[in-house]
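For reference, the chains in residue letters:
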Amino acid sequence: MMSTQYNCVGIDIAKRNFVIAVSSLSKTKTETNNPKGIAHTVEYLKKHNVALVVMESTGGLEIPAAKAIHRAGIAVVIANPRQTHQFAQSQSLTKTDAKDAQMLAFFAQMMMQKEGWQTMLYQPPTEAEEVLEALVNRRNQLVDMRTAEKNRLHQVHETQVESVKQLIAHFDRLIDELDKQIDDHTHTHFDGKAQVAEQIKGIGSITTATLMAMLPELGRLSHKRIASLVGIAPHPRESGETKFKSRCFGGRSAVRKALYMATVVATRFEPLIRDFYQRLLSKGKPYKVAVTACMRKLLTILKPGCVITLPKTVSERLDLSFGIFARRGENTVATCTEKRFSDDLLFGQVSINVALVAFVFAQVVEVVLGFVAAEFALGFDDFDQGVFDIARHA
């Protein structure tokens, strides 16, 4: 019985057309970058038993073809141009569209040899996510234009000051309208996620919308890969005995900007993030290193697989640090969606009926237990392997 041969395909995308290269064929095929050409491409790929298609990120020109190929049931990867460029330089110095397409086909073959390559597959956004991304992108564009006009206000001739002020006011109105549209759209289509994210001090509707629109991988990838995707993971640079400082680079700048401003606020007003931030500073860590570490902690908290409602009162801190999970009206100390635990999971009931004694005790140990709570709430990738283990063995 003959085994079926699967091919890898590389597609070099341009504005008017794109070139298709199949790994088992020496000749390439060119199609027009329009709906008719994309339909021909899908039919062409189906004839060659394609296992994986790789194309470069080309400013959005690759999205229509990637969507159509994905709908046809063929795996697609939109690769980082920096990686494919370095891979191409290791193969040949010749550069043509046909050579680039063949290089991408070879790159696809190498990618399939890597463990976990399935996590890199392209997942088209839903209609609600596309609308949200368009709203967030437009808001960012208007904010950039408003900033440019504000900078120009100090240099423009006095006869044009009023014109610049009118334009700034016009941008203010447009941005306010977009803020309302983003807030309504977020709470209409992403109500559960928005409510969880906005419980954290420092994260508002715009930051929540940015994360949901421009970081859909949150929850599908590990916390380390998410951090690298955002551009807040320090990558080591070592060679022999030479060791350079680890630096963060690359990533999605729009997500990183929104997350940075949210983290700056959280380091002042969110107890767990504030305690973690102060502890890093006390160890001599530079400001940016400490803030970047807090940004990664926020991403860990926002992981959909394990949602943590941060404690606000002293008694809730006591309960979290000792592993006691009790329901107090509408405030739940912690919920874990990966595994269901009964509400009766109580190994000890903290009673603060004697108000004076409890108050004095809480004031003495609040700071120490705050650090412990931060470690348990944020220090484990799998929440049930941390705090719930303490509850089980107590």
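Computed from a prediction, not measured in an experiment: that's the story for all the values here. (Residues numbered from 1 in each chain as written. Predicted model: local features only at pLDDT ≥ 70, side-chain atom pairs only at ≥ 80, totals over all residues. Heavy atoms only, no water.)

1. Regarding the sheet that holds strand β3 (residues 28–32)
Through backbone hydrogen bonds, the strands of a sheet pair up, either in parallel or in antiparallel fashion. Sheet architecture is open: five strands sit in the order β3-β2-β1-β4-β5, paired in mixed fashion. Looking at which strands have only one partner, the edges of the open sheet turn out to be β3 and β5 (76–79). The sheet shows a mean angle of 25° between the axes of neighbouring strands, direction not considered. Each of β1 (7–13), β2 (17–22), β3 and β4 (50–56) touches helix α1 (residues 35–46); the most contacted strand, β2, lies at about 5° to it. Contacting β1, β2, β3, β4 and β5, helix α4 (residues 97–112) crosses the sheet at an angle of about 140° to β1. (Pairing = 2+ DSSP bridges. Helix = DSSP H or I, 4+ residues; strand = E, 2+ residues; numbered from the N terminus. Axes fitted to C-alpha atoms, helices over the stretch in contact; angles between N-to-C directions. Contact = heavy atoms within 4.5 Å.)

2. Considering helix α8 (residues 205–214)
Burial of α8 is extensive: eight of the 10 residues sit out of reach of the surface. What α8 keeps buried is the set Thr-207, Thr-208, Ala-209, Thr-210, Leu-211, Met-212, Ala-213 and Met-214. (Buried < 20%, exposed > 50% of the residue type's maximum accessible area, 1.4 Å probe, protein only.)

3. Notes on a nonpolar patch on the surface
A contiguous nonpolar patch, built from Tyr-260, Met-261 and Tyr-287 and spanning about 300 Å² of accessible area, is present on the exposed surface. Locating Tyr-287 in the fold gives a position in helix α12 (residues 287–301). Judged by relative accessible area, Tyr-287 falls into the partly exposed class, the value being 40%. (Patch = residues over 30% accessible without salt bridge, like charges linked within 9 Å, V, L, I, M, F, W, Y side chains within 5 Å. Areas by Shrake-Rupley, 256 points an atom, 1.4 Å probe, with all protein chains shown as cover. Salt bridge = Lys/Arg side-chain N within 4 Å of Asp/Glu carboxyl O.)

4. Topic: unusual backbone geometry
For Asn-49, which is not a glycine, the phi torsion comes out positive at approximately 50°. Relative accessible area serves as the criterion here: at 37%, Asn-49 is assigned to the partly exposed category.

5. Looking at the environment of Pro-271
Considering the arrangement of structural elements, one finds Pro-271 in helix α11 (residues 271–282). A relative accessible area of 11% means that Pro-271 is categorised as buried. Distance from Pro-271 to Ile-200, taken between C-alpha atoms, is 9.8 Å for residues 71 residues apart in sequence.

6. Observations regarding the packing of aromatic side chains
Counted under the stated rule, the structure contains three aromatic pairs. The interplanar angle of 75° and the centroid separation of 5.2 Å between the aromatic rings of Phe-87 and Phe-107 together place this pair among those described as edge-to-face. Residue Phe-87 is located in helix α3 (residues 81–89), and its partner Phe-107 is located in helix α4; the two are separated by 20 residues in the primary sequence. Each member of the pair, Phe-87 as well as Phe-107, is classed as buried. An angle of 90° between the planes, with centres 6.5 Å apart, marks the rings of Tyr-277 and Tyr-287 as edge-to-face. Placement of Tyr-277 in helix α11 and of Tyr-287 in helix α12 is noted, with a sequence separation of 10 residues between them. (Phe/Tyr/Trp six-rings, centres within 6.5 Å; stacked < 30°, edge-to-face > 60°.)

7. Observations regarding the side chain of Thr-208
Along the chain, Thr-208 falls in helix α8. Within the structure, the side chain of Thr-208 is placed 2.8 Å from the backbone oxygen of Gly-204, a separation counted as a polar contact. The contact partners of Thr-208, leaving out residues within four places of it in the chain, are Thr-186, Ala-194, Ala-197, Glu-198 and Ile-203. (Polar contact = N/O pair within 3.5 Å; in protein donor to acceptor, adjacent residues only side chain to side chain.)

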